[in-house]
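Take a look at the letters that make up each chain.
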Amino acid sequence: MAKRILVVEDNDLNRKLFCDVLKSQGYVVEPVADGLDALDRAREFVPNLIIMDIQLPNVSGLDLIETAKKDPALRAIPMLAVTAYAGKGDEERIREAGAEGYLAKPVSIGPFMQAVKALI
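Residues numbered from 1 in each chain as written. Predicted model: local features only at pLDDT ≥ 70, side-chain atom pairs only at ≥ 80, totals over all residues. Heavy atoms only, no water.

Asks: Looking at this structure, I do not really get the overall build of the protein. What am I missing?
Replies: Each helix and strand counted, the protein has five helices and five strands in total. Computed over C-alpha atoms, the radius of gyration of the protein comes to 13 Å, within 12% of the 14 Å expected from 2.2 N^0.38 for 120 residues, which places it in the range of a compact globule. Each of the three principal axes of the protein carries a C-alpha extent, and together these read 35 × 30 × 25 Å. Accessible surface, the protein as shown: approximately 6200 Å² in total, 51% of it carbon and sulfur. In the protein, the 15 positive side-chain charges and the 18 negative ones have mean positions that sit 6 Å from each other. (Helix = DSSP H or I, 4+ residues; strand = E, 2+ residues; numbered from the N terminus. Rg over C-alpha atoms; globule rule 2.2 N^0.38 Å. Areas by Shrake-Rupley, 256 points an atom, 1.4 Å probe, with all protein chains shown as cover. Lys, Arg positive; Asp, Glu negative; His and termini not counted. Charge placed at Lys NZ, Arg CZ, Asp CG, Glu CD.)

In structure tokens form, the structure reads like this:
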């Protein structure tokens, strides 16, 4: 059975790119543009991996990761954080929030797929 990936990304081009690449590799993908919908969609979709943009409008991806890791229904799902804000200490903060993986934007396809495969 194909692995399921929830992609939480507000940027239309990035979301489409991530989804297209993942679909081409045989994954079932559920795109989410608004972080406020992310955790409800995760509960409905039951993904094997969540790719989480950190810089979202309305809510921080960091807060969503922390909330998901406290939720019994979502806690076991690995999280791959993707962020354009790759400053000193950011990766550490993101991993402390509960993300198992971390990628800085712009994301290259090779490292992106390596990170996905490592977490699924």
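Having seen the structure, we can now continue with the description.
Asks: Please clarify how the packing of aromatic side chains should be interpreted in this entry.
Replies: Both the distance between ring centres and the angle between the ring planes are used here to describe each pair of aromatic rings. If you walk through the whole model with that rule in mind, you get one aromatic pair. Taking the centre distance of 4.8 Å and the plane angle of 15 degrees together, the rings of Phe18 and Phe112 count as stacked. One end of the pair, Phe18, is in helix 1 (residues 12-24); the other, Phe112, is in helix 5 (residues 109-119), with 94 residues separating them in the sequence. What makes Phe18 buried here is its relative accessible area of 4%. Over the ring of Phe45 we find Arg4, and its NZ or CZ is 4.1 Å from the ring centre. (Phe/Tyr/Trp six-rings, centres within 6.5 Å; stacked < 30°, edge-to-face > 60°. Buried < 20%, exposed > 50% of the residue type's maximum accessible area, 1.4 Å probe, protein only. Lys NZ or Arg CZ within 6 Å of the ring centre and 35° of its normal.)

Asks: Explain the environment of Leu80 here, please?
Replies: Here Leu80 shows up in strand 4 (residues 79-83). You can call Leu80 buried: its relative accessible area is 1%. Residues Leu80 and Leu56 lie 24 residues apart in sequence; the distance between their C-alpha atoms is 15 Å. Apart from residues lying up to four places away in sequence, Leu80 is in contact with Leu49, Ile50, Ile51, Met52, Gly101, Tyr102, Leu103, Ala115, Val116 and Leu119. (Contact = heavy atoms within 4.5 Å.)

Asks: I tried to follow the UniProt feature "modified residue: 4-aspartylphosphate" (unreviewed entry) in the protein on my own but got confused; where do I start?
Replies: The UniProt entry lists Asp53 under the feature "modified residue: 4-aspartylphosphate" (unreviewed entry), expressed in the numbering used here. Mapped onto the elements of the fold, Asp53 is located in strand 3 (residues 49-53). Apart from residues no more than four positions distant in its own chain, Asp53 is found in contact with Val8, Glu9, Asp10, Gly61, Val82, Thr83 and Lys105. (UniProt positions renumbered as here; feature names shortened; annotations may be inferred.)

Asks: What is the right way to read the nonpolar core from this model?
Replies: Generally speaking, a soluble globular protein has its nonpolar side chains buried in company with each other. Core analysis: the biggest nonpolar cluster contains 24 residues, and Leu6, Val8, Ile50, Met52, Leu64, Ile65 and Ile94 have the highest contact counts within it. Those elements that provide at least two residues to this core are strand 1 (4-8), helix 2 (35-45), strand 3, helix 3 (61-70), strand 4 and helix 4 (90-97). If near-sequence neighbours (up to four positions away) are discounted, Ile94 is found in contact with Ile54, Leu62, Ala81, Thr83, Ala99 and Tyr102. Judged by nonpolar contacts, the second largest core, of 19 residues, contains Ile5, Val82, Ala115 and Leu119. (Core = buried A, V, L, I, M, F, W, Y, C linked by side-chain atoms within 4.5 Å.)

Asks: Honestly, the pairing of strand 3 in this entry has me stumped. Any pointers?
Replies: Put simply, side chains in a regular strand alternate between the two faces of the sheet. Burial analysis of strand 3 places five of its five residues in the buried class, the great majority of the element. The two faces of strand 3 match: Leu49, Ile51 and Asp53 on one face and Ile50 and Met52 on the other face are all buried. Alignment of strand 1 against strand 3, held across four bridges, turns out to be parallel. By the bridge assignment, Val8 is partnered in strand 3 with Met52. (Pairing = 2+ DSSP bridges.)

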